[in-house]
Amino acid sequence: MNTELTGFLIGFLFGGGLLLAGLADPDKIIGTLRLKDFHAMRTIGMFVLVGMLGTWVLDLANAAHYDVKPAAVISILLGGALLGIGFGVTGYCPGTGLACAAAGRLDALVTVAGMLAGALAYILLYQDIAAPLGTAANYGAVMLPDLTGIPRTVWVLVLCGAGFLALYLTRPKPRAQ
């Protein structure tokens, strides 16, 4: 199977999964950002925890290959802030925006147009702004175990413990009959 077809099929399944899980509802996303509806946070948290545990197990079996990107702190904080602002204003992240645009939602189409405009601006400003920011506070391709000296196993177990505790604490409460 060629790469483009594989990417399309995985993207189609991902978008369908977002729609089926209710993560493509902007009201759910805004509810999460307002700390009133934890459905989206819990779903994404579960994905992250399963991915972390799976990668850790594959690493223990010498079957994982890490492609660690440089820890350019200023660029990461700026990009995260821009993503968060767009997320909060529209109720869509890039994945949910594309899934809802494909489903025909007009607000999502406007959001995707904004994402494309932002990507174009990034391309046009890369040499003058983004590239120099990428060198500021850049720690190279490191992971937390490298920076702290704490073994990866401890990081995985502590983060998974904290994640599962957060999932437990944010679980839906039973409704009174």
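All of these numbers come straight from a predicted model, not from anything done at the bench.

Asker: Looking at this structure, I do not really get the layout of surface pockets. What am I missing?
Answerer: Over the atoms rolls a probe the size of a water molecule, and its path tells where empty space is left. Here the largest pocket defines a volume of roughly 740 Å³. As for the largest pocket, its lining consists of 27 residues, and the residues nearest its centre are Leu78, Gly79, Leu82, Gly118 and Tyr122. Of all the elements in the fold, those that place two or more residues in the lining of the largest pocket are helix H4 (73–90) and helix H6 (106–135). No other element matches the 15 residues that H6 contributes to the lining of the largest pocket. For the lining of the largest pocket, the per-class residue count stands at 18 nonpolar, 9 polar and no charged. Looking at the second largest pocket, its volume works out to about 240 Å³. In this structure, the second largest pocket is lined by Met52, Thr55, Trp56, Tyr66, Met143, Leu144, Pro145, Arg152, Trp155, Val156 and Leu159. Sorting the residues of the lining of the second largest pocket by element identifies helix H3 (39–60), helix H7 (144–148) and helix H8 (152–169) as the ones contributing at least two each. A total of 4 residues in the lining of the second largest pocket trace back to one element, the largest contributor, which is H8.

Cut-offs applied
- Residues numbered from 1 in each chain as written.
- Predicted model: local features only at pLDDT ≥ 70, side-chain atom pairs only at ≥ 80, totals over all residues.
- Heavy atoms only, no water.
- 1 Å grid on protein atoms, 1.4 Å probe; cavity = no way out; pocket = protein on both sides within 12 Å on 5 of 7 lines; lining within 4 Å.
- Points joined across faces, edges and corners; volume = space filled by probe spheres on them.
- Helix = DSSP H or I, 4+ residues; strand = E, 2+ residues; numbered from the N terminus.
- Nonpolar A, V, L, I, M, F, W, Y, C, P; charged D, E, K, R; others polar.

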